Amino acid sequence: MTTSTTPPAPGAGAAADEGPIRRGAAQRSEARSDPRLDWWRDARFGLFIHWGLYAIPAGEWKGERIAGIGEWIMFRARIPVREYEQLAKQFNPVKFDAKEWVGLAKRAGQKYLTITAKHHDGFALYDSKVSDYDIVDATPFKSDPIKELAEECRRQGIRLCFYYSQTQDWHHKWGDGNDWDYQVPADEQFDTYVREYAAAQVRELLTNYGPIGMIWFDTPKRMTTEQSHFLANLVHELQPDCLVNGRIGNDVGDYAETRDNVIPDEKVEMDWEVPATINHTWGFKHYDEDWKSAEDLIRKLVDIASKNGNYLLNVGPTSEGLIPQPSVERLEAMGRWLDANGESVYGTTAGPLQGLGWGRTTASRRDPNTVYLHVFDWPADGRLHLPSTGRRITAAALVAGSATLTMEAASSGETVIAAPAQAPDPIDTVVRLTLA
Ligand code: FHN
């Protein structure tokens, strides 16, 4: 199952021939056993939040609907810095409720939350001392939502992670990407931007909000290997356990990132994650109503886990601070499914059977004798034909409800599991196999 629903953003930094995985250090053989990633490997499912000034125009500028993803509106409509900056004066998200946002991640069964501390528009969603272009200094809201989120994440047991756009900054004259206000910065100017401005903000993020799970860099574009190492080293020096994603560039990250919304066709033998949207945009667009179904999202989560990956699923809150209701409903549906079937996703790795027509398999990372069958298409005759895993199966049971299933060996080497005639769960019925 490969899905590519979001058109690549201009300047997104991925070469067309790069394939679905943007590599990170996860490809190094020792990286697969780095225990710093254990919490993240166990988590499998995180909440991505794209929130910033772009939620005000919400996809529309001067009465015109601007094509593309919502958070790119400044770039797409070539909005001058001085004009775009004025949005800050209107940003007053009085309905923002950190407890509710973190509670939603919790109800959805997500284990980490990655929020845009600064996206390509350069606006800092936290109290930055190296710029006045931030939510505390430049908006009527005047308070720091990241501080509240950090406290709530601690209280509710969710790992807080920060998205930080280290290359593109359309507000800063030496950041990359704004060719309508500024000259393209020379290499030395861009280097100063990375080593002084971006580094100072990353330092703030890792100093002022307690332990951070990861810095999620993006669109490496012109980053040199030295610059990637410089930022990764800074992160690891300030918080040695903090992870760095693959989009730091130049194979320097702790794990690999796929292209947006692209799930590899086959299992991948490295640590990887797919950032994905529920509709077609990351930042809020008031007219993007094309939502993926809960069934699709649950099956995507399982598909990803069955190939060793993590699913970082996005919401784009409104400028008032509300997460759109269709996103809430879908995330809650995923959480209900995970409440019953979570053991087949959390703490699992790719399963022993790949390329199955009717579903997917995952395997416990800690118990070598436990394998999970995820049955998407229930057999019409209630008899599930299972190719040999190479190991003897001693028991089969439904994960939800725990009913034991009977098995018989078929002459072909297959095992036939006698299952109820009707699918117990039309989205994904999970069967736990115990191996000898
Ligand atoms: O350009 C960004 C985009 O706005 C969004 O943040 C996504 C999320 O993965 N990353 C970039 C495009 O790949």
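Remember, it's a predicted structure, so these values are computed and weren't measured experimentally.

Trainee: Can you tell me about the nonpolar core, naming the residues and giving the values?
Mentor: The biggest cluster of nonpolar side chains holds 116 residues, and the ones touching the most others in it are I115, F162, Y311 and L331. If one sorts the elements of this core by residue count, helix α7 (residues 187-207) sits on top with nine residues. Shared between two domains, this core holds at least three residues of each, these being domain 1 (16-346) and domain 2 (351-435). In contact with F162, not counting residues within four places along its chain, are T114, I115, A117, I146, L205, Y209, I212, M214, I215 and W216. By size, the runner-up hydrophobic cluster in this structure holds 19 residues, among which are V371, L373, L405 and V431.

Trainee: Could you give me a rundown of the environment of R65, with the residues and numbers involved?
Mentor: Secondary-structure assignment places R65 in strand β4 (residues 64-65). What makes R65 exposed here is its relative accessible area of 52%. With 12 residues separating them in the primary sequence, R65 and A77 have C-alpha atoms 9.8 Å apart. Setting aside residues no more than four positions away along its own chain, R65 makes contact with G59, E60, H286 and Y287.

Trainee: I'd like a description of the site of the ligand, backed by residues and values.
Mentor: Not every one of the 15 residues close to the ligand is listed here, only the nearest: H50, E71, H120, D218 and D260. E71 places a polar side-chain atom, nitrogen or oxygen, 2.5 Å from an oxygen atom of the ligand. One nitrogen or oxygen atom from the side chain of H120 is found 2.8 Å from an oxygen atom belonging to the ligand. Here the residues of the shell around the ligand are counted per class, giving seven nonpolar, four polar and four charged.

Trainee: Account for α7, with residues named and values stated.
Mentor: Given a rise of 1.5 Å per residue, 21 residues ought to cover 30 Å, and the 28 Å separating the end C-alpha atoms of α7 matches this to within 8%. In the structure, α7 departs most strongly from a straight axis at A199, where the bend amounts to approximately 35°. Within α7, the full set of buried residues consists of F190, Y193, V194, Y197, A198, A199, Q201, V202, E204, L205 and L206. Packing partners of the buried residues in α7 comprise β5 (112-118), β6 (159-164), β7 (214-217) and α8 (225-238).

Trainee: Please give an account of the pairing of strand β2 (residues 45-49) that cites residues and values.
Mentor: Among the five residues that make up β2, five are buried, leaving the element largely enclosed by the rest of the structure. Here β2 shows two buried faces, one formed by F45, L47 and I49 and the other by G46 and F48. Where β2 lies against strand β11 (residues 309-315), five bridges are found, and the strand directions are parallel. Counterpart to L47 in the pairing with β11 is L313. Pairing between β2 and β5: four bridges, direction parallel. In the strand pairing of β5, G46 is matched with Y112.

Trainee: I'd like a description of the packing of α7 against α8, backed by residues and values.
Mentor: For the pair α7 and α8, interaxial distance at closest approach is 10 Å and the crossing angle is 20°. In this view, α7 runs roughly parallel relative to α8, as classed from their interaxial angle. Between α7 and α8 lies a crossing of right-handed hand. For the pair α7 and α8, the contacting residues are F190, D191, V194, R195, A199, V202, R203 and L206 in the first and E226, Q227, F230, L231, L234, V235, E237 and L238 in the second. When grouped by side-chain class, the residues that make up the contact of α7 with α8 number 10 nonpolar, one polar and five charged.

Trainee: Give a detailed account of helix α9 (residues 294-305), specifying residues and quantitative values.
Mentor: Its 12 residues place the ends of α9 17 Å apart at the C-alpha level, agreeing with the 16 Å of an ideal helix rising 1.5 Å per residue. For α9, a buried count of 10 out of 12 residues is recorded, marking the element as mostly surrounded by other parts of the structure. When α9 is considered as a whole, its buried residues turn out to be A294, L297, I298, R299, K300, L301, V302, D303, I304 and A305.

Trainee: Explain the domain arrangement of the protein residue by residue, including any values.
Mentor: Each domain of the protein was delimited in the assignment, giving domain 1 (16-346) and domain 2 (351-435). For domain 1 versus domain 2, the separation of C-alpha centres amounts to 36 Å. The interface is formed by 17 residues belonging to domain 1 together with 19 residues belonging to domain 2. Here domain 1 and domain 2 share an interface that buries about 1600 Å² over both sides, 50% of which is from carbon and sulfur atoms. Taken as a group, R299, E343 and S344 account for 35% of the area that domain 1 buries against domain 2, more than any other trio of residues on that side. Across the domain 1-domain 2 interface, the total number found is five salt bridges. Close ionic contact of D303 with R360 constitutes a salt bridge, the shortest N to O distance being 2.6 Å. Counting across the domain 1 and domain 2 interface gives 14 residue pairs in polar contact (both at pLDDT 80 or more). Sorting the residues of the side of domain 1 that touches domain 2 by element identifies α1 (38-43), α9 and α10 (325-341) as the ones contributing at least two each. Among the elements that line the side of domain 1 that touches domain 2, the one with the most residues is α9, at six residues. Considered class by class, the residues forming the side of domain 1 that touches domain 2 number five nonpolar, three polar and nine charged.

Trainee: Break down the side chain of T116 for me, citing the residues and quoting the values.
Mentor: The topology assignment puts T116 in strand β5. The exposure class of T116 is buried, given its relative accessible area of 1%. Of note is the side chain of T116, whose polar atom sits 3.0 Å from the backbone nitrogen of W51. With sequence-adjacent residues up to four places away left out, T116 is seen in contact with I49, H50, W51, Y54, L125 and Y163.

The rules behind the values
Residues numbered from 1 in each chain as written. Predicted model: local features only at pLDDT ≥ 70, side-chain atom pairs only at ≥ 80, totals over all residues. Heavy atoms only, no water. Core = buried A, V, L, I, M, F, W, Y, C linked by side-chain atoms within 4.5 Å. Buried < 20%, exposed > 50% of the residue type's maximum accessible area, 1.4 Å probe, protein only. Helix = DSSP H or I, 4+ residues; strand = E, 2+ residues; numbered from the N terminus. Domains from an automatic or database assignment. Contact = heavy atoms within 4.5 Å. Near = heavy atom within 4 Å. Polar contact = N/O pair within 3.5 Å; in protein donor to acceptor, adjacent residues only side chain to side chain. Nonpolar A, V, L, I, M, F, W, Y, C, P; charged D, E, K, R; others polar. Expected span 1.5 Å × (residues − 1). Bend = angle between axes of the 7 residues up to and from the residue. Pairing = 2+ DSSP bridges. Axes fitted to C-alpha atoms, helices over the stretch in contact; angles between N-to-C directions. Parallel < 35°, antiparallel > 145°, perpendicular 65-115°, else oblique. Left-handed = near helix turned anticlockwise from the far one by under 90°. Buried area = accessible area lost by both parts, 1.4 Å probe. Salt bridge = Lys/Arg side-chain N within 4 Å of Asp/Glu carboxyl O.

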